Structure formats: structure tokens, C-alpha cells
Amino acid sequence: MTQITNHLPTKELQALDAAHHMHPFTEDAALAKKGARIITRGKGVYLTDSEGHEILDGMAGLWCVNLGYGRKDLAEVAARQMEELCYYNTFFQTSHVPAIALAAKIAELAPGDLNHVFYAGSGSEANDTNIRLVRRYWEVKGKPEKNIIIARKNGYHGSTMGGGSLGGMAGIHAQGGLPIPNITHIGQPHWYEEGGDMTPEEFGLIRARELEDKINELGVDRVAAFIGEPVQGAGGVVIPPSTYWPEIQRICDKYGILLIADEVITGFGRTGNWFGSDTLGIKPHIMTIAKGLSSGYAPIGGSIICDEVYNTVANSGEDFNHGYTYCGHPVAAAVALRNLEIMEEENILDHVRNVAHPYLAKKWSALADHPLVGEARLIGLMGTIALTPDKATRAAFASETGTIGYRCRERCFANNLVMRHVGDRMIISPPLVIKPEEIDVFIERATKSLDETYAEIKADGLLKAA
Ligand SMILES: *Cc1c(COP(=O)(O)O)cnc(C)c1O
């Protein structure tokens, strides 16, 4: 399809973008010189840019467009809801049908006694809610000093003051006085980069036991909760060793601290089950959700809360003094509900488990034979490859971290494929609806991009270990 919606020439759009649009996670002056890539439309797993390129989106936007682009059924639901009731709040003892119906649906899908939904507009906001909620829980329990939340280095929980503080990203903490008080971080279960000579299983236990050490160091009376992504996403798709989560669960159970699973990426089918916690055997008290909840068709997030935490806060005799204007926004809620219904009607989990994952897994793991690839891993439809100058030792490159990953990403773009890089690691998270023939195109473009990156860095003398 080469048809382009009528719009200004790319150069003019880029000039206006540079003049008036400040981008997230971007050095704007550098981008202004280069000009942003402008995406004009999307259909299925493909994007079209302002120059007419058809780009296979291996990231589903930012891990969210799980049902693929351009679905008329979701657009129609939004239009109908805007006519029926475009907005009303849920603050002052009011509610509305979309917020009610979606909460009931989420409670039905969520495991165990995760029966209560507090809405937010995004994953970051939902994690800000979680900070206030777990602290409120312990206040009501008469333990206001039990307010420290333990998170992980290189975790990602959003970029608000709260979310950015829970996350363990050095670049975020370096700006603007983060983390906020009473949030602390332990090591991540990243065996490939940090596991040395240990087996992944040994290393998983060691990293999980840092939680126990941290609880003992702080005193259990100070610790409110632990938060983690079942599989770290933005940190580079870090699939933890099999020993990690069972040990984290044991420690949380032993010390009676609340466990928050940040399911913003792993929720709603990404790992082949409704939740990453199902896949990894985690029993959280609270789940953070956003992204795939609406397949990105409308901004919506939230916290799914267990009976114990809900009952405690709900029965405190006081208001929980927290909320957002757009909590449970009716249009976003209606779209999210329809998104979940479509996932059931079209057996999307079955497609991920029995079609897309096995088909992609075979081809993805074969990429590990490429001279530039140190490991290739995939869980559900969340994948990663580590680039390395030396497979045997899992060596990093001598060049500044991210140099080679960035070059590979640029080659991917040039070959009409979106893969993201985190340092010198490439990551993918394609729409869950991706078909085998589209996976063929994906792998063909990815292989070509790896070949070109390899040739390029060899020619430039960058194929050197640190
Ligand atoms: C994206 C993400 C968030 C933040 O969500 P936003 O909607 O961008 O605020 C939080 N947690 C995880 C695990 C994420 O991947």
C-alpha cells in the first residue's frame, strides 16, 4: 500500500515538530537537526511513514498495540461511547457503566482474589497510586513507619516522580532529584550481563536473596512492599532465571510484605497467559496494568488490588485521598473492555501460545548462530538478542555501551523494521496478532539488519571486546 494521507511535506512537518513539540526521552536539539520520523498510519502489524515506507512494527508501538493497528471495531466503540457519555467522573459517589463493566471484566481475568480495580491514565500514574496505596494500607494497620518500597536496579515503572523513583534506571535518577525518599533498590536477575561464572539458577537465587538481606538491613517494620516486573521490559527484556521468582515469593510470604507485580507490559497476553504472574507463578497483592489493557487505542491504566489490601483501605473509616480526573474515563474504559472481549473472541492467547510463539521461537533462537549475537531469548512474544564481539565470553563491546545497538536499530529502520535497542541489546514485542508469514518478513529484515551492522562495525574497527 503506497497511498499516503494528504499532509504537508515531511520537511515542513519536521520543522514544525522541531519548533513546537518537545519529545519524551529525547535530546530535542539533536533531533531537530536530524528531523523526526513521522508515522502517518497503521494497519495490522505495519506502520506507514510520511515518505510512504511500510514498516513492520516489531515493538507494537511501545509494547501496547497488541491487537494491531487500524481496527474498526475499537474505533466504533470509542465513537459510540463519546456520543453516549463522553466523560463523567468517579469521585463523588458516582460511577458509570464502562468503568463498572471493565472493572468486573478485569477482576474476572485476574488470578486469585485480585478483585478490585483503581483506575489511572497510564502505567506511571498507576504506580504512583501503588506507592500511596501500600503506605496507606500500613497506616491503617497502625504501622505508618512501614513505608519503604524495595524495587530493582534497571527496573522500569514509569517516569513520574513516583514511577521514576520505583524504577532503577540510572539515567532517570540522575535528573531532578530522584528517587524520592523511602524507595530503595536491589540487584536485578540479569544473568547474561551480571551472572559471571554462576549458573543462571544459582545467580537467580543470589539476586532474590538480596531482598531478604535488604529487609533484614532495614528491619521488617520499615518495609511496606516489593515491586518488580515479572519480566523486565525497558531494561532489555530480562527473562529471570527459573529460581528467581519462587524465592522472591518465599521471602515476601515469610516477612509478610506486600508484593506488587508491574504487569504493564506482561499483562494481557504478552507472555502467553493473561498475566506474566500466571506464566511465572507469582502471587501478587497488587498488579500494575496499562499498555495492552486497551491495545494502546486509548490511554488507560490501573491497579488490580487483592481483597486484603482493598478491605483494609476501604474500611478505614476515611476517604482514600487520591484520584485522577480521568480515573476510569468512559471512552478509554469502553475501548479497553472491547479490546479484552476481542482477545477472547479471537482466541488471542491461543494464537500466542500455539502459533506465533512457537513459530517465532524457532527462528529467533536460530539468530543466536549469527556472529554478532551472544544470546537470543523469547518468552511469549517478548524477545531479546544480546550483541557481542565474542560469543564465548558474552563480552561487551569496547565502544561506549549502546553504540552498536544504536547502529543496529538504524539498520533496522533502513530495512523497514522497528526493533528497539537497550544498550547493545535488541528487543522486540510485536503485536500479539502477528501471523507466521509476517514473522518470516520480520526475521528476514532482522537478519539483513544484523548482517549489515556486522559488516559496518567490522569496517569501522568496532568489533572489539571491552
Ligand atoms: C511503560 C511502563 C510503565 C509506565 O507506563 P506509562 O503508561 O508509560 O506511564 C510502567 N511499568 C512498566 C513495566 C512499563 O513497561
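Residue numbers run consecutively from 1 along every chain, following the written order of its sequence. Predicted model: local features are reported for residues with pLDDT of at least 70 only, side-chain atom pairs are reported and counted for 80 or more only, and whole-chain, interface and lining totals are derived from all residues. Derived side-chain values reflect all non-hydrogen atoms in the structure, with water molecules and hydrogen atoms excluded from consideration.

> I keep staring at the state of the cysteines and nothing clicks. Help me out?
Where two cysteines share a covalent bond between their sulfur atoms, that bond is called a disulfide. Note on terminology: disulfide denotes any pair of cysteine sulfur atoms within 2.5 Å. In this structure the tally under the stated criterion is zero disulfides. Looking at Cys86, it has no disulfide partner, and the nearest cysteine sulfur is the one in Cys327, 17 Å off. As a non-bridged cysteine, Cys412 has Cys408 as the owner of its nearest cysteine sulfur, 4.4 Å distant. Only protein chains enter the accessibility calculation, which uses a 1.4 Å probe; a residue whose area is less than 20% of its type maximum is buried, one above 50% is exposed, and one in between is partly exposed. Residue classification places Cys412 among the buried residues on the basis of a relative accessible area of 0%.

> Just checking my understanding: could you explain the packing of helix H5 (residues 97-109) against helix H14 (residues 330-345) for this structure?
For any two helices packed against each other, the geometry is given by the interaxial angle and the distance between the axes. Every angle, taken between N-to-C directions, lies between 0 and 180 degrees, and every axis is a line fitted to C-alpha atoms, over only the stretch in contact when it is a helix. Numbering of helices and strands runs from the N terminus; a helix is a DSSP stretch of H or I covering at least four residues, while a strand is a stretch of E covering at least two. In contact at an axis separation of 8 Å, H5 and H14 are set at 35° when each is read in the N-to-C sense. H5 and H14 meet at a crossing whose hand is left-handed. Side by side, H5 and H14 meet where Pro98, Ala99, Ala101, Leu102, Lys105, Ile106, Glu108 and Leu109 of the first sit next to Pro330, Ala333, Ala334, Ala336, Leu337, Leu340 and Glu344 of the second. Taken together, the residues of the contact of H5 with H14 sort by class into twelve nonpolar, no polar and three charged. Crossing handedness is read from the near helix: turned anticlockwise from the far helix by less than a right angle, it gives a left-handed crossing, and turned clockwise, a right-handed one. Whether two residues are in contact is decided by their heavy atoms, any of which lying within 4.5 Å being enough. Only Asp, Glu, Lys and Arg are considered charged in this grouping, and only Ala, Val, Leu, Ile, Met, Phe, Trp, Tyr, Cys and Pro are considered nonpolar; every other residue, Gly among them, is considered polar.

> What's the story with the site of the ligand in this structure? I'm lost.
A single heavy atom is enough: if one lies within 4 Å of a molecule or strand, its residue is considered near that molecule or strand. What surrounds the ligand is the set Ser122, Gly123, Ser124, Asn127, Tyr156, His157, Gly158, Glu229, Asp262, Val264, Ile265 and Lys291. One of the side-chain N or O atoms of Asp262 is found 2.7 Å from a nitrogen atom in the ligand. Note on areas: Shrake-Rupley, 1.4 Å probe, and residue coverage restricted to the protein chains presented here. In isolation the ligand offers 380 Å² of accessible surface; the protein chains occlude 83% of this area. Looking at the shell around the ligand element by element, the count peaks at three residues for helix H6 (residues 123-140). Tallied by class, the residues present in the shell around the ligand amount to three nonpolar, six polar and three charged. A 3.5 Å cut-off defines polar contacts: any pair of N or O atoms within that distance qualifies, except that in protein one atom must be a possible hydrogen donor and the other a possible acceptor, and neighbouring residues in sequence count only when both atoms are side-chain atoms.

> It is not clear to me how the side chain of Arg270 should be interpreted in this structure. Could you clarify?
By secondary structure assignment, the location of Arg270 is in the loop between strand E8 (258-262) and helix H12 (276-280). By the counting scheme adopted, Arg and Lys are positive, Glu and Asp are negative, and His together with the chain ends is not counted. Whenever Lys or Arg places a side-chain nitrogen within 4 Å of a carboxyl oxygen from Asp or Glu, that contact is recorded as a salt bridge. Despite being buried, Arg270 has no salt bridge partner; Asp57 is the closest side chain of opposite charge, sitting 9.0 Å away. Reaching out from Arg270, the side chain makes a polar contact with the backbone oxygen of Pro430 at a distance of 2.7 Å.

> Hey, could you run me through the packing of aromatic side chains in this one?
Each aromatic ring pair is described using two quantities: the centre-to-centre distance and the angle formed by the ring planes. Two rings from Phe, Tyr or Trp (for Trp, the six-membered ring) form a pair when their centres sit within 6.5 Å of each other. Planes less than 30 degrees apart are called stacked, planes more than 60 degrees apart edge-to-face, and all others tilted. One pass over the structure, following the stated rule, counts eight aromatic pairs. With 6.4 Å between their ring centres and 90° between their planes, Trp364 and Phe442 make a pair best called edge-to-face. Of the two residues, Trp364 is situated in helix H15 (residues 348-366) and Phe442 in helix H17 (residues 436-459); the sequence distance between them amounts to 78 residues. With respect to class, Trp364 is no different from Phe442; both count as buried. Through successive ring pairs, a cluster of aromatic residues spans Phe226, Tyr244 and Trp245. A positively charged side chain is recorded as over a ring if its NZ (Lys) or CZ (Arg) lies within 6 Å of the ring centre. The angle to the ring normal must also be within 35 degrees. Cation over ring: Arg37 sits above Phe413, and NZ or CZ is 3.9 Å from the ring centre. The ring of Trp191 carries Arg394 above its face, with NZ or CZ at 3.9 Å from the centroid.

> Honestly, the side chain of Thr388 in this entry has me stumped. Any pointers?
Positionally, Thr388 belongs in the loop between strand E12 (382-387) and helix H16 (403-414). A polar contact of 3.0 Å, which involves the side chain of Thr388, links it to the backbone nitrogen of Asp390. A distance of 2.6 Å separates a polar side-chain atom of Thr388 from the backbone oxygen of Ala395. Filtering out sequence-adjacent residues up to four positions away, Thr388 remains in contact with Tyr192, Pro371, Leu372, Val373, Gly374, Arg394, Ala395 and Phe397.

> Explanation requested: the nonpolar core in the structure shown.
Side chains of nonpolar character tend, in soluble globular proteins, to be buried together. Take the buried residues of types Ala, Val, Leu, Ile, Met, Phe, Trp, Tyr and Cys, join any two whose side-chain atoms come within 4.5 Å, and each joined set is a nonpolar core. By size, the foremost hydrophobic cluster in this structure holds 90 residues, and its most contacted members are Leu102 and Trp364. The element best represented in this core is H14, accounting for ten residues. For the purposes of this description, domain bounds are those given by an automatic or database domain assignment. Counting contributing residues per domain, this core is built from domain 1 (37-70 + 347-459) and domain 2 (74-345), each supplying no fewer than three. Among residues more than four places away in sequence, those in contact with Leu102 are Tyr119, Leu293, Ile300, Ala333, Ala336, Leu337 and Leu340.

> I keep staring at the sheet that holds strand E4 (residues 114-120) and nothing clicks. Help me out?
The strands that make up a sheet pair up through hydrogen bonds in the backbone, lying either parallel or antiparallel. Pairing between strands is defined by DSSP: at least two bridges between the two strands are required. Overall, mixed pairing links the seven strands, which are arranged E4-E10-E9-E8-E7-E5-E6 in an open sheet. With partners counted over all chains shown, the strands left at the sheet margins are E4 and strand E6 (183-186), one partner each. Neighbour to neighbour, the strand axes of the sheet diverge by 25° on average, direction disregarded. Those strands touched by H6 are E4, strand E5 (148-152), E6, strand E7 (223-228), E8, strand E9 (286-289) and strand E10 (301-306), and its axis lies near 160° from that of E9. Set on the sheet, helix H13 (residues 307-314) makes contact with E4, E8, E9 and E10; between it and E10 the angle comes to about 95°.

> Mind showing me how you'd approach H13 here?
Since the α-helix packs 3.6 residues into each turn, any two residues three or four apart lie on the same face. Looking at H13, one finds that the buried residues are Val309, Thr312 and Val313. The buried side chains of H13 occupy one side of the element, clustering within an arc of 90° when seen end-on. Contact partners of the buried residues in H13: H6, E8, E9 and E10. By construction, the arc corresponds to the directions joining the helix axis to the C-beta atoms.

> Just checking my understanding: could you explain the pattern of salt bridges for this structure?
Between side chains of opposite charge, pairing is possible as soon as their charged atoms come close. The final tally for this structure, using the stated rule, is 27 salt bridges. A salt bridge links Glu210 to Arg207; its shortest N-O distance comes to 3.0 Å. Placement of the pair is Glu210 and Arg207 together in helix H10 (residues 200-218), with a separation of three residues, close to one helical turn. Taking the shortest distance from any N to any O, the salt bridge between Glu247 and Arg250 comes out at 2.8 Å. Residue Glu247 and its partner Arg250 are located together in helix H11 (residues 244-255), separated by three residues, close to a single helical turn. Under the relative-accessibility criterion, Glu247 is labelled buried at 7%. Residues joined in a network through salt bridges with shared partners are Arg209, Glu212, Glu247, Arg250 and Lys254.

The analysis is restricted to geometry; functional conclusions fall outside its scope.
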